[in-house]
Amino acid sequence: MPTPSRETAERLDRTDPLAAMRTRFSLPEGVVYLDGNSLGALSVGVPAAVRTAIVENWGQHLINVWTDDGWWDVPLRVGDRVGHLLGARAGQTVVGDSTSVHLFNVLTAAARLRPDRRLLLVEEGGFPTNHYLAASVARILGLEVRRIPMPDMASTLRRLGERVAVVTAGAVDYRTGELWDVRAVTAAAHDVGAVAVWDLCHAVGALQLTLDADGVDFAVGCSYKFLSGGPGAPGFVYAARRHHGGIDQPLCGWHGHAEPFAMVPDYEPTTGIGRLRVGSPNILSMLALDAALDVFDDVEMAAVREKNLALGDFFIEAADAHLAGCGFELVTPRRGDRRGSQVTLRHPEAEKIMRALNQHGIIGDVRPPSLLRFGFNSLYISYTDIFTVVEALRSCT
C-alpha cells in the first residue's frame, strides 16, 4: 500500500460521495474540527429555525404557541426522528431533559422491573456521570453496584446469573473509541433475566444502530455530539415498547401524566413512551435539534458509517507512516468493526501537543493525562483534514 500523502487525501476527497454535505455546516475558515464527538459543528439551518421559533412563534402566538405551533408534541415528534437513527420503530423514543436525567430515570425503572435482584453492573471506565447516577440509584433502591471491564461483561453476567437486575454500559468507550457489541451483551443480559440499559452518546449519528433488532430494553443519549443539536441540546430516551406498561420512573412530572391539564394531585402515567416525559422541555434547544436533524434526511447511515471507518483507517495509516518515532501510541482498535467514530492516541505530552495543534487551527480533545482524541463526523470532515492533522502532530513533537 502506498504511503498516505496529501495527494492521496485530495484524491479521496474528490470521490467522496458525502463531500457535498460539508456545505450544510458552518465551519470557521481555516479550522480543522475533530472534536465533533464533544460538540458538533453548527448546522446552517439552525439559526433560521431558532429565529422563527422565537420571533414568529413565541413572539406572535404567546401562550398559544404550544397548540398553534405544535410545541406540546415536539418531544415525541423529534423523538421519532432520533428513533429512526437508532433503528427504532415509532413511539419508542422521546426527547427532552438531559441525558443524566434520562439515565437516572431508566436505571431506576429498569431495576424496579427486577425487584428481587440486588446487583447493578456498570462498565468499568465508563463516563463518570454514569457511575455517579448508578451509585445514587443503588443507594435509593438498596442495590449493590459492581464495575465490570467490558470484555468480561458477558461472562460476568453468566457467572452471576439471576442476581443481576440491570447492566448498563456505553456502546462506545468515550476515551478510546472502542466499540462494544450491543447485541451480544444485551443477549447475555437477557439470558439471565437482567435488563440492559445503553448509553449511546458516542454512537448516535455515527453508527448504524439497530436497537429493536438487538432487543435492547432501554437506551439514552445526547444530541449535541454527532447530531449537532448545539450546546446543552436535549437528551433522548428509548424504551422498548414491551416495557411501556411497566415503567415506574422516579421523576414523575405533569408532562408525563395521562391528563396533564386536569391538575389532579395523584400521578397517573400516560400510555406509551410519553410517560418518560417529565417537566416543561427546553423547547428552543429542541427546535434547534429538529433543524439539525434535517441533514440526516438526505443521507443513509450506512454511508455515514462507511466514511467514518474509512477516515479512521486513513488516520491510522498516516500516523503509522508519518509519526513513527514521535512517541505516539495508538489506543483505539485498528479493526474497523471494533472502532467507533474516533481515533485516540496516547502521548506523554498530550496537553502540550493539543495546545500546539490549536495554534495551527486544529481542534481536537485531550483526556488527561495522556490521551489525544480525534472525532470524525462523516458529514463535514475530509481526508485532507485528516492528513493536515497528522502533519501537524509530527511538527508538534
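Keep in mind the model is a prediction, meaning the values are calculated, not measured. (Residues numbered from 1 in each chain as written. Predicted model: local features only at pLDDT ≥ 70, side-chain atom pairs only at ≥ 80, totals over all residues. Heavy atoms only, no water.)

### Overview of the overall build of the protein
For step 1, the next point in the chain: When helices and strands are counted, the protein shows 13 helices and 15 strands.
For step 2, the next point in the chain: Here the protein has a C-alpha radius of gyration of 22 Å; the compact-globule value for 397 residues is 21 Å, and the two agree.
For step 3, the next point in the chain: In terms of overall dimensions, the protein has C-alpha extents of about 65 × 60 × 35 Å along its principal axes.
For step 4, the next point in the chain: Counting across all 397 residues of the protein, residues that qualify as buried make up 56%.
For step 5, the next point in the chain: At a minimum sequence separation of 6, the contacts of the protein that also span at least 24 residues come to 72%.
For step 6, the next point in the chain: Here the protein has roughly 16,800 Å² of accessible surface; of this, 53% comes from carbon and sulfur atoms. (Helix = DSSP H or I, 4+ residues; strand = E, 2+ residues; numbered from the N terminus. Rg over C-alpha atoms; globule rule 2.2 N^0.38 Å. Buried < 20%, exposed > 50% of the residue type's maximum accessible area, 1.4 Å probe, protein only. Contact = heavy atoms within 4.5 Å. Areas by Shrake-Rupley, 256 points an atom, 1.4 Å probe, with all protein chains shown as cover.)

### Brief notes about the environment of glycine 274
For step 1, the next point in the chain: Within the secondary structure layout, glycine 274 lies in the loop between β10 (236-239) and α10 (283-292).
For step 2, the next point in the chain: Through-space distance from the C-alpha of glycine 274 to that of serine 5 is 52 Å; in sequence the pair is 269 residues apart.
For step 3, the next point in the chain: Setting aside its immediate chain neighbours within four residues, glycine 274 contacts Leu76, His255 and Gly256.

### As for the domain arrangement of the protein
For step 1, the next point in the chain: For the protein, the assigned domains read domain 1 (6-30 + 299-396) and domain 2 (49-297).
For step 2, the next point in the chain: Domain 1 and domain 2 are separated by 29 Å when their C-alpha centres are compared.
For step 3, the next point in the chain: On the domain 2 side, the residues contacting the 26 residues of domain 1 number 22 residues.
For step 4, the next point in the chain: Where domain 1 abuts domain 2, roughly 1,900 Å² becomes buried across the two surfaces, and 57% of that area is made up of carbon and sulfur atoms.
For step 5, the next point in the chain: It is Val299, Met301 and Arg338 that lose the most area in domain 1 upon contact with domain 2, and together they represent 28% of the buried surface on that side.
For step 6, the next point in the chain: Applying the counting criterion to the domain 1 and domain 2 interface returns zero salt bridges. (Domains from an automatic or database assignment. Buried area = accessible area lost by both parts, 1.4 Å probe. Salt bridge = Lys/Arg side-chain N within 4 Å of Asp/Glu carboxyl O.)

### Some details on the UniProt feature "binding site: pyridoxal 5'-phosphate" (unreviewed entry) in the protein
For step 1, the next point in the chain: The sites that carry the UniProt feature "binding site: pyridoxal 5'-phosphate" (unreviewed entry) are, in the present numbering, Thr99, Ser100, Asp199, His202, Tyr224 and Trp254. A maximum C-alpha distance of 30.5 Å among these annotated residues, which run over 156 residues, shows that they spread across the structure rather than meeting at one spot.
For step 2, the next point in the chain: In this structure, threonine 99 sits in helix α5 (residues 99-112).
For step 3, the next point in the chain: By relative accessible area, threonine 99 is classed as buried at 15%.
For step 4, the next point in the chain: Every residue in contact with threonine 99, bar those within four places of it in the chain, is listed here: Cys201, Val220, Gly221, Cys222 and Gly235. (UniProt positions renumbered as here; feature names shortened; annotations may be inferred.)

### Topic: the environment of glycine 272
For step 1, the next point in the chain: Turning to its location among the elements, glycine 272 is positioned in the loop between β10 and α10.
For step 2, the next point in the chain: Taking the C-alpha atoms as reference points, glycine 272 and glycine 256, separated by 16 residues in sequence, lie 9.8 Å from one another.

### Some thoughts on the packing of helix α2 (residues 46-61) against α10
For step 1, the next point in the chain: Running from N to C, α2 and α10 cross one another at 140°; their axes reach a closest spacing of 8 Å. For the pair α2 and α10, the crossing hand works out as right-handed. Where α2 abuts α10, its residues Val46, Ala49, Val50, Ala53 and Ile54 lie against Leu284, Leu287, Ala288, Ala291 and Ala292.
For step 2, the next point in the chain: Taken together, the residues that form the contact of α2 with α10 break down as ten nonpolar, no polar and no charged. (Axes fitted to C-alpha atoms, helices over the stretch in contact; angles between N-to-C directions. Left-handed = near helix turned anticlockwise from the far one by under 90°. Nonpolar A, V, L, I, M, F, W, Y, C, P; charged D, E, K, R; others polar.)

### Regarding unusual backbone geometry
For step 1, the next point in the chain: Here proline 368 and proline 369 are connected by a cis peptide whose omega angle stands at 5°.
For step 2, the next point in the chain: Counting through the fold element by element, proline 369 comes out in the loop between β14 (365-367) and β15 (371-375).
For step 3, the next point in the chain: A positive phi angle is found at leucine 62, which is not glycine, with a value near 50°.
For step 4, the next point in the chain: Phi is positive for serine 228, which is not a glycine, with a value near 60°.
For step 5, the next point in the chain: Mapped onto the fold, serine 228 is located in the loop between β9 (218-221) and β10.
For step 6, the next point in the chain: For serine 228, a relative accessible area of 4% translates into the label buried.

### Regarding a nonpolar patch on the surface
For step 1, the next point in the chain: A cluster of nonpolar side chains, Ile54, Val55, Trp58, Leu62 and Ile63, forms an exposed patch at the surface whose accessible area comes to about 510 Å².
For step 2, the next point in the chain: Note on placement: leucine 62 falls in the loop between α2 and α3 (65-68).
For step 3, the next point in the chain: A residue is classified by how much of its surface remains accessible, and leucine 62, at 56% relative accessible area, is exposed. (Patch = residues over 30% accessible without salt bridge, like charges linked within 9 Å, V, L, I, M, F, W, Y side chains within 5 Å.)

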